[in-house]
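Each chain, written out:
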Amino acid sequence: MTYNTILAELSQGVFTLTLNRPDKLNALNDAVAAEVQAALKSAERDETARCIVLTGAGKGFCAGQDLDALRNRPDELSFRQHLLKTYHPIAAKLRSIEKPVLCAINGAAAGAGLGLALACDIRYAAAGAKLRFAFSGIGLAPDTGASFFLPRLMGLSRALEFAYTNDPVTAEEALTLGLVNKVVPAEELQAAVRALAVRLAQAPTKALGLTKRAMNAALNFNIDQALDYEAHLQEVAGHTEDHREGVAAFLDKRPPKFKGK
Ligand code: T3D
């Protein structure tokens, strides 16, 4: 499929989706949203895509909603309907795809762009990248999952401070705050994320997917519910080819060859 606002590439089991409006810091509009949704759907369906990487072209990751497009929107357009059609299905899909989803934050991430980054499983950021809440800067409330992810990752009070002040945080501060997993020199970012992605693309994909499903659900469970759900999911994982291969490889003292099923 050809896209106009993103790039999509599959190699070595890694599906890389690059937001591609570099002259706009990859700001989001309806076309980007539609293409990202389509690309994620195809990555989800494609059994050979066993890890997904989200990143941006040029010097920014994603500046959130394109404010030129926002200003030109008709007054009667419903914010709610717009979000439900555009960015919210993307954040939901990033969480529900049962494959590892990595984010390479190559530059500024703000507003809905920050929300998309936070919806990914693991984030590496380029040194020098900055993260900004942005919604309050233009008199908006959080969307694209920002209100869900920020307090869970950095704690309620820090999340509110980040939101109220709208002060950007550097990649290094974001690491301390738990917003990103690693900071790497900008020129090494894509290689570092790629190395992790290729490694995870050779992992037991079904088991990783069930792990993601379990942890997503456990965010809203008590301990009894979590234990019960773990037992249920282990029933599924325990009947996969990769489980049998993992045990056999361990006992044969050889590296496992996981097929992702
Ligand atoms: O229903 C709905 O759609 C509501 C949904 C809302 C979701 C949202 O995402 S709301 C939040 C929207 N985003 C923002 O408000 C972010 C505004 N931008 C910034 O805070 C900063 O630009 C950044 C932190 C992203 C980057 O800072 P910096 O210093 O690296 O770059 P800069 O100099 O501020 O910006 C560079 C250019 O990009 C500049 O244009 P110029 O002067 O070179 O012609 C700037 O205007 C432009 N730009 C940055 N963000 C946006 C943008 N243009 C359009 N839309 C943007 N979001």
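Residues numbered from 1 in each chain as written. Predicted model: local features only at pLDDT ≥ 70, side-chain atom pairs only at ≥ 80, totals over all residues. Heavy atoms only, no water.

Draft legend 1. Quick look at the side chain of Q65. Note that Q65 resides in the loop between β4 (60–62) and α2 (67–71). A distance of 2.6 Å separates a polar atom in the side chain of Q65 from a polar atom in the side chain of Y87. In this structure, Q65 is in contact with A27, L28, L70, R73, H82, Y87 and A112, ignoring residues within four places of it in sequence. (Helix = DSSP H or I, 4+ residues; strand = E, 2+ residues; numbered from the N terminus. Polar contact = N/O pair within 3.5 Å; in protein donor to acceptor, adjacent residues only side chain to side chain. Contact = heavy atoms within 4.5 Å.)

Draft legend 2. Quick look at unusual backbone geometry. Despite not being glycine, T144 shows a phi value in the positive range, around 55 degrees. Overall, the relative accessible area of 1% leaves T144 in the buried class. (Buried < 20%, exposed > 50% of the residue type's maximum accessible area, 1.4 Å probe, protein only.)

Draft legend 3. Looking closely at the environment of N26. Among the secondary structure elements, N26 is positioned in the loop between β2 (14–19) and α1 (30–45). Using a relative accessible area of 1% as the deciding quantity, one classes N26 as buried. Residues N26 and K59 lie 33 residues apart in sequence; the distance between their C-alpha atoms is 9.1 Å. If we ignore the near neighbours within four places in the chain, the residues touching N26 are L19, N20, R21, G56, A57, G60, F61, C62 and A63. A polar side-chain atom of N26 sits 2.9 Å from the main-chain carbonyl oxygen of A57. Among the polar contacts made by the side chain of N26, one reaches the main-chain carbonyl oxygen of G60 at a distance of 2.9 Å.

Draft legend 4. Representation of the pattern of salt bridges in the model. One pass over the full model with this rule turns up eleven salt bridges. A salt bridge links K93 to E44; its shortest N-O distance comes to 2.9 Å. Note that K93 is positioned in helix α4 (residues 87–96) and E44 in helix α1, a separation of 49 residues in sequence. The residue D68 makes a salt bridge to R71 at a minimum N-O spacing of 3.9 Å. On the criterion of helical spacing, the pair formed by D68 and R71 is a turn pair, its members being three residues apart in helix α2. (Salt bridge = Lys/Arg side-chain N within 4 Å of Asp/Glu carboxyl O.)

Draft legend 5. Structural context of the sheet that holds strand β7 (residues 122–126). Read across the sheet, six strands follow the order β1-β2-β3-β5-β7-β10 without closing on themselves; strand pairing throughout is mixed. Pairing within the sheet leaves two strands with one partner each, and these edge strands are β1 (6–11) and β10 (182–184). Here the strands of the sheet are splayed against their neighbours by 20 degrees on average, with no regard to which way each runs. Sheet analysis places β2 next to strand β3 (residues 51–56), joined by six bridges and oriented parallel. Paired with T18 across the bridge in β3 is T55. (Pairing = 2+ DSSP bridges. Axes fitted to C-alpha atoms, helices over the stretch in contact; angles between N-to-C directions.)

Draft legend 6. Examining the pairing of β3 more closely. Along β3, six of the six residues are buried, which leaves the element largely enclosed by surrounding structure. Here β3 shows two buried faces, one formed by C51, V53 and T55 and the other by I52, L54 and G56. Regarding the hand of the β-α-β motif, the stretch spanning β2, α1 and β3 is right-handed. Relative to strand β5 (residues 101–105), β3 is paired through four bridges, and the arrangement is parallel. Residue pairing for β5: L54 is matched across the bridge by C103. (Right-handed = clockwise from strand over helix to strand, strands pointing away.)

Draft legend 7. Helix α11 (residues 223–237), seen in detail. End to end, α11 covers 20 Å across 15 residues, agreeing with the expected 21 Å (1.5 Å per residue, within 8%). Buried positions along α11 lie against α10 (205–218) and α12 (241–252). One side-chain oxygen of the residue at the start of α11 lies 3.0 Å from the amide nitrogen of D224, identifying that residue as N222. (Expected span 1.5 Å × (residues − 1).)

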